[in-house]
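Read off the chains here:
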There are 2 protein chains.
Amino acid sequence: MTRVNAFYAQSGGVTAVINASAWGVIDTARRYPERIGTVYAGLNGILGALHEDLIDTAQEPLENLRALRHTPAGAFGSARYKLKGLAENRAEYQRLIEVFRAHDIGYFFYNGGGDSQDTAHKVAQMGEQMGYPLICIGIPKTVDNDLPLTDCCPGFGSAAKYLATSVREAALDVASMAKTSTKVFILEVMGRHAGWLTAACGLAGEKTGDAPHILLFPEIPFDEADFLARVKATVEQHGHCVVAVSEGIRTADGKFLAESGLRDAFGHAQLGGVAPRLAQLVRDQLGLKYHWAVADYLQRAARHVASKTDVKQAYAMGKAAVQLALKGQNSVMPVIVRVSDEPYKWKVGHVPLEAVANQEKKVPREFIREDGYGITPACRRYLAPLIAGEDTPPYRDGLPDYVTLQNRLVSRKLPPFQP
Amino acid sequence: MTRVNAFYAQSGGVTAVINASAWGVIDTARRYPERIGTVYAGLNGILGALHEDLIDTAQEPLENLRALRHTPAGAFGSARYKLKGLAENRAEYQRLIEVFRAHDIGYFFYNGGGDSQDTAHKVAQMGEQMGYPLICIGIPKTVDNDLPLTDCCPGFGSAAKYLATSVREAALDVASMAKTSTKVFILEVMGRHAGWLTAACGLAGEKTGDAPHILLFPEIPFDEADFLARVKATVEQHGHCVVAVSEGIRTADGKFLAESGLRDAFGHAQLGGVAPRLAQLVRDQLGLKYHWAVADYLQRAARHVASKTDVKQAYAMGKAAVQLALKGQNSVMPVIVRVSDEPYKWKVGHVPLEAVANQEKKVPREFIREDGYGITPACRRYLAPLIAGEDTPPYRDGLPDYVTLQNRLVSRKLPPFQP
């Protein structure tokens with residue numbers, strides 16, 4: 001077997017644990033020095049490969065690399081950059097292969113969501129077409145938990161734990177204040193099409209009547225009158241009402257409640273602001289005092305309250321990616337396979353990239369309460385182990401001590417990329 | 001010395017550690033059974049006294065009371081309810097004294113901010129006027145850190161730690177994404193008139209150039225053109241820009257940027273929504289992609305990332321309140337006196353309530369960088385010890401295990417209160 005280098009890149013929205021996957025890749029690759037030379041990381045994801053901005057992780061002090069395990073966000077830079085189809089844009093794929101060839105890269109590890117697995121799959125195809133031996137392995141990642149074929153996605157469990165914790169805390173706050181002040185609290189969470197993070201908020205309550213009282217899923221069409229009637233009834237019964245709402249809720253005609261008109265590089269609408277919209281409804285239609293919060297990046301970067309399960313699985317996916325590559329698997333992605341709920345047991349499996357690409361796993365109807373506003377016991381059984389355990393980062397001077405890598409680039413060997 | 005009962009109530013916006021002060025009162029009172037009988041707590045603050053809704057803390061299991069130390073928000077219910085002046089509304093003050101007399105209450109502990117200390121002071125005056133022997137002690141509390149005469153306020157340190165942590169995490173996120181996506185991230189924090197929480201966000205960065213790049217204080221008039229120029233320059237220099245903004249920023253003519261038109265029971269404008277307004281400016285004037293978050297109640301309820309210093313001081317203030325009362329001090333409030341910055345040393349002092357009432361301690365100009373957009377080393381020296389140390393709550397099933405008290409009420413002895 002020959003010894004070749006590896007390329008690792010982060011793609012799309014980052015998470016609290018994507019760097020733990022990076023460390024899983026690097027740490028594991030270093031255990032096979034006869035097979036894998038240097039792990040290069042793409043500066044700003046796939047752009048690093050296109051522009052030959054390759055970070056030499058061998059130059060990074062070991063303690064920095066180890067700190068990746070507890071550092072949120074994308075330490076090498078991520079990118080929202082979707083390569084077009086092979087037919088439309090061969091040039092970019094060819095360039096990738098040229099860069100890989102120039103740096104003797106035989107392994108391509110791509111850490112991202114559904115869009116990114118599509119890219120990884122296409123790179124694999126191009127490698128074949130160009131007769132360049134390249135093994136392409138996807139590594140799952142997304143706080144949205146919407147990748148198919150894996151039981152869950154690294155990044156989700158920590159965001160879920162953060163949100164359930166935050167809902168539980170804010171609910172105690174509003175309950176304290178409700179007699180004379182705020183009656184309705186609305187928390188907006190991420191999840192464009194899939195309501196997994198909304199569902200996670202439901203873990204904050206344990207018995208009937210506990211907050212959160214209303215969950216608004218993107219999977220369930222938003223009915224204004226029904227929502228308001230429910231808020232009113234909840235305030236009458238409990239004195240206050242806690243709502244967790246997905247940024248992506250839509251009315252029955254398919255319109256996002258919070259469409260801002262902007263679109264990102266993947267063509268997705270940029271959302272945000274559904275919480276203040278609902279708050280306005282509550283004020284205007286019910287005359288109730290409200291507060292609202294939008295967690296936004298706080299939820300997906302909250303490494304300080306990460307799920308131990310999630311951190312373990314993120315590392316395990318990076319490790320498995322290297323092991324699959326060394327076994328000669330190509331164009332696959334490691335996945336998490338649930339063996340049992342209680343006690344929670346899981347193992348690593350793998351699936352073909354083409355089966356993953358561009359699919360979204362939504363919250364199944366049987367996980368959403370019949371009335372559409374809560375989670376079922378089956379959903380709770382699914383979610384509970386994913387937020388289990390704490391994995392507290394080290395603190396220094398009262399704050400989590402995260403690493404910023406030196407990210408030294410290797411010398412370029414090719415002319416600049418002309419897109 | 002006679003043995004009388006005590007009354008404790010929580011007032012105004014709650015915090016992550018106000019219950020630690022409650023436990024400080026109850027735990028300490030129990031050490032003096034020959035002087036203090038039962039500690040009654042007001043259901044929903046001062047309303048509990050007016051309506052004779054008195055919670056008998058002696059009925060509460062000890063393990064529940066002990067859990068107050070790590071449970072955020074107001075476990076007995078708080079109230080935004082300001083008693084009018086004695087001249088305008090003697091009836092309410094007289095009712096309080098009647099309820100205290102009916103339940104043999106000789107100690108009144110009032111846990112709140114500036115408005116509440118004003119109330120406590122007036123209750124003390126009424127006790128004197130009505131010839132009822134009552135000792136009134138204020139207990140400081142506010143995430144806003146705006147009480148005068150105390151070095152800091154319990155509740156602030158934990159909210160500060162949460163915000164600095166969140167800014168550090170979200171800043172890593174936006175730095176990862178900036179090349180192809182979000183360039184500007186805006187976090188809105190509490191602080192109507194005083195920018196202490198905004199200042200705390202500044203702790204997230206350690207050296208020049210670190211995020212947050214721009215802090216917007218309510219103490220500094222907001223200048224749109226200057227702000228936008230600074231955002232633009234920051235993005236040009238660092239690739240991204242992180243902004244922390246107080247909900248209470250105003251333009252030079254004194255107008256709140258985010259006035260919603262609603263007012264609370266104290267007559268304060270209800271604010272919220274300055275982050276999306278700034279984001280809109282950034283988009284429309286600079287064409288930069290943005291994300292924004294509004295922490296709202298999440299910041300003041302975030303017991304999961306509480307400051308150890310803050311928890312200690314909250315308990316100490318409750319304890320000191322009881323000790324001051326037993327020494328016969330009346331109409332005073334214990335305060336935190338800073339002895340030294342490094343090593344951080346503090347002791348308990350006390351001040352007259354009338355010196356505290358209705359005053360706001362703003363961030364002094366020497367704590368704000370000359371350009372108005374950051375904190376000075378002096379500010380950092382002041383803030384650093386307040387977020388020091390972790391005091392993690394117990395976890396159960398992946399989430400902080402907070403207590404909900406049984407809150408059993410004592411039998412009423414008086415006719416209902418007719419306001």
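From a predicted model like this one, the values you see are computed outputs, not experimental measurements.

So, how was this worked out
- Residues numbered from 1 in each chain as written.
- Chains lettered and ligands numbered in written order.
- Predicted model: local features only at pLDDT ≥ 70, side-chain atom pairs only at ≥ 80, totals over all residues.
- Helix = DSSP H or I, 4+ residues; strand = E, 2+ residues; numbered from the N terminus.
- Rg over C-alpha atoms; globule rule 2.2 N^0.38 Å.
- Buried ≥ 20, exposed ≤ 12 C-beta atoms within 10 Å, placed from the backbone.
- Contact = placed C-beta atoms within 7 Å.
- Core = buried A, V, L, I, M, F, W, Y, C linked by C-beta atoms within 7 Å.
- Nonpolar A, V, L, I, M, F, W, Y, C, P; charged D, E, K, R; others polar.
- Pairing = 2+ DSSP bridges.
- Least-squares fit on C-alpha atoms with pLDDT ≥ 70 in both.
- Domains from an automatic or database assignment.
- pLDDT = per-residue confidence, 0-100.
- Expected span 1.5 Å × (residues − 1).
- Arc of directions from axis to C-beta.
- Axes fitted to C-alpha atoms, helices over the stretch in contact; angles between N-to-C directions.
- Parallel < 35°, antiparallel > 145°, perpendicular 65-115°, else oblique.
- Left-handed = near helix turned anticlockwise from the far one by under 90°.

S.K.: Account for the overall build of chain A, naming residues and giving values.
M.R.: Looking only at helices and strands, chain A has 13 helices and 13 strands in total. Taking 419 residues into account, the globule formula puts the C-alpha radius of gyration at 22 Å, and chain A, at 22 Å, falls close to it. The burial tally for chain A puts 61% of its 419 residues in the buried class. Counting contacts in chain A only where the partners sit at least 6 residues apart, residues at least 24 apart contribute 76% of the total.

S.K.: Provide a residue-level description of the nonpolar core, including the pertinent values.
M.R.: Phe 108 of chain A together with Phe 108 of chain B are the most contacted members of the largest nonpolar core, which has 294 residues in total. Dropping the residues within four chain positions of it, Phe 108 of chain B is found in contact with Phe 7, Phe 100, Ala 120, Val 123, Leu 134, Ile 135 and Cys 136 of chain B.

S.K.: An account of the interface of chain B and chain A is requested, with residue identities and associated values reported.
M.R.: Where the parts come together, the accessible area they lose is often given as the size of the interface. Tallying the contact residues gives 60 residues for chain B and 60 residues for chain A. If you list the elements that add at least two residues to the side of chain B that touches chain A, you get α6 (156-177), β9 (290-294), α10 (297-301) and β13 (399-400) of chain B. Among the elements that line the side of chain B that touches chain A, the one with the most residues is α6 of chain B, at 13 residues. When grouped by side-chain class, the residues that make up the side of chain B that touches chain A number 32 nonpolar, 16 polar and twelve charged.

S.K.: Provide a residue-level description of the pairing of strand β8 (residues 241-246) of chain B, including the pertinent values.
M.R.: All names here are of chain B. Within β8, six of the six residues are buried, which leaves it mostly tucked inside the rest of the structure. Burial along β8 is two-sided: Cys 241, Val 243 and Val 245 facing one way and Val 242, Ala 244 and Ser 246 facing the other are all buried. Looking at chain direction, strand β6 (residues 184-189) and β8 are connected through six bridges and run parallel. For Ile 186, the partnering residue across the bridge sits in β8 and is Val 243. Where strand β7 (residues 214-216) meets β8, three bridges bridge the pair, whose relative direction is parallel. Counterpart to Leu 216 in the pairing with β8 is Val 245.

S.K.: Any details on the environment of Ala 275 of chain A? Residues and values, ideally.
M.R.: Residue and element names in this part refer to chain A. Along the chain, the position of Ala 275 falls in helix α9 (residues 274-286). Residue classification places Ala 275 among the buried residues on the basis of 28 C-beta atoms within 10 Å. In this structure, the C-alpha to C-alpha distance between Ala 275 and Ala 293, residues 18 residues apart in sequence, is 7.0 Å. Among residues more than four places away in sequence, those in contact with Ala 275 are Ile 186, Leu 187, Glu 188, Val 245, Trp 292, Ala 293 and Val 294.

S.K.: Can you tell me about the relation of the copies chain B and chain A, naming the residues and giving the values?
M.R.: When chain B is fitted to chain A, the best match, at an RMSD of 0.0 Å, comes from turning it 180° and sliding it 0.0 Å along the axis. These values place the two chain copies in the arrangement generated by a two-fold rotation axis. Across chain B, the smallest distance between a C-alpha and the rotation axis is recorded for Val 294 of chain B, namely 2.5 Å. A share of 100% of interface residues in chain B that are also interface residues in chain A marks the association as one of identical surfaces.

S.K.: Kindly report on the domain arrangement of chain A, identifying the contributing residues and their values.
M.R.: Residue and element names in this part refer to chain A. For chain A, the domain assignment lists domain 1 (4-142 + 306-355 + 391-400) and domain 2 (156-303). For domain 1 and domain 2, the distance between their C-alpha centroids amounts to 33 Å. Domain 1 puts 20 residues into the contact, and the matching count from domain 2 is twelve residues. Looking at the side of domain 1 that touches domain 2 residue by residue, the classes come out as nine nonpolar, seven polar and four charged.

S.K.: So what's going on with the confidence of the model for chain A? Residues and values would help.
M.R.: Scored by pLDDT, chain A has a mean of 94; 96% of the residues are at 70 or more. Quick note on the complex model: pTM equals 0.96, ipTM equals 0.96.

S.K.: Give me helix α8 (residues 224-238) of chain A: which residues, what numbers.
M.R.: Residue and element names in this part refer to chain A. Compared with the 21 Å implied by 1.5 Å per residue over 15 residues, the 21 Å span of α8 between its first and last C-alpha is a close match. Turning to α8, its buried residues are Phe 227, Val 231 and Thr 234. What you see down the axis of α8 is that its buried residues fit within an arc of 70°, all on one side. What points out from α8, more than 90 degrees from its buried face, is the exposed set Ala 225, Ala 233, Glu 236 and Gln 237. Those residues of α8 that are buried lie in contact with β6 (184-189), β7 (214-216), β8 (241-246) and α9. Backbone geometry just after α8 places Gly 239 at a positive phi near 90°.

S.K.: Give me the lowdown on the packing of helix α1 (residues 18-29) of chain A against helix α11 (residues 308-326) of chain A, citing residues and values where you can.
M.R.: Residue and element names in this part refer to chain A. Their axes nearest at 7 Å, the elements α1 and α11 cross at an angle of 40°. Classified by the angle their axes make, α1 and α11 are oblique. Crossing hand, α1 versus α11: right-handed. Each of Ile 18, Ala 20, Ser 21, Ala 22, Trp 23, Gly 24, Val 25, Thr 28 and Ala 29 in α1 lies in contact with α11, whose residues at this interface are Val 311, Ala 314, Tyr 315, Ala 316, Met 317, Gly 318, Lys 319, Ala 321, Val 322 and Gln 323. By residue class, the composition of the contact of α1 with α11 is 13 nonpolar, five polar and one charged.

S.K.: Pulling in residues and values, what's your account of unusual backbone geometry?
M.R.: A negative phi angle is the norm for most residues apart from glycine, just as the trans form is the norm for most peptide bonds. Geometrically, the link from Ala 211 of chain A to Pro 212 of chain A is a cis peptide bond, its omega value of 0° lying close to zero. Structurally, the position occupied by Pro 212 of chain A is in the loop between α7 (196-201) and β7. For the bond from Glu 342 of chain B to Pro 343 of chain B, the omega torsion is 0°, close enough to zero to count as cis. Along the chain, Pro 343 of chain B turns up in the loop between β10 (332-340) and β11 (345-352). Residues other than glycine seldom take positive phi values, yet Asn 145 of chain B does so here, at roughly 60°. Residue position: Asn 145 of chain B is located in the loop between β5 (135-140) and α6. For Asn 145 of chain B, a count of 29 C-beta atoms within 10 Å corresponds to the buried category. The phi dihedral of Ser 331 of chain B is positive, around 60°, even though this residue is not glycine.

S.K.: Tell me about the packing of helix α4 (residues 90-102) of chain B against helix α5 (residues 114-129) of chain B, and please be specific about residues and values.
M.R.: The packing of two helices is summarised by the inter-axis angle and the distance between the axes. Residues and elements named next belong to chain B. Two elements in contact, α4 and α5, have axes separated by 10 Å at closest approach and are oriented at 70°. In this view, α4 runs roughly perpendicular relative to α5, as classed from their interaxial angle. In contact with Tyr 93, Gln 94, Leu 96 and Ile 97 of α4, α5 contributes Lys 122, Val 123, Met 126 and Gly 127. When grouped by side-chain class, the residues that make up the contact of α4 with α5 number five nonpolar, two polar and one charged.

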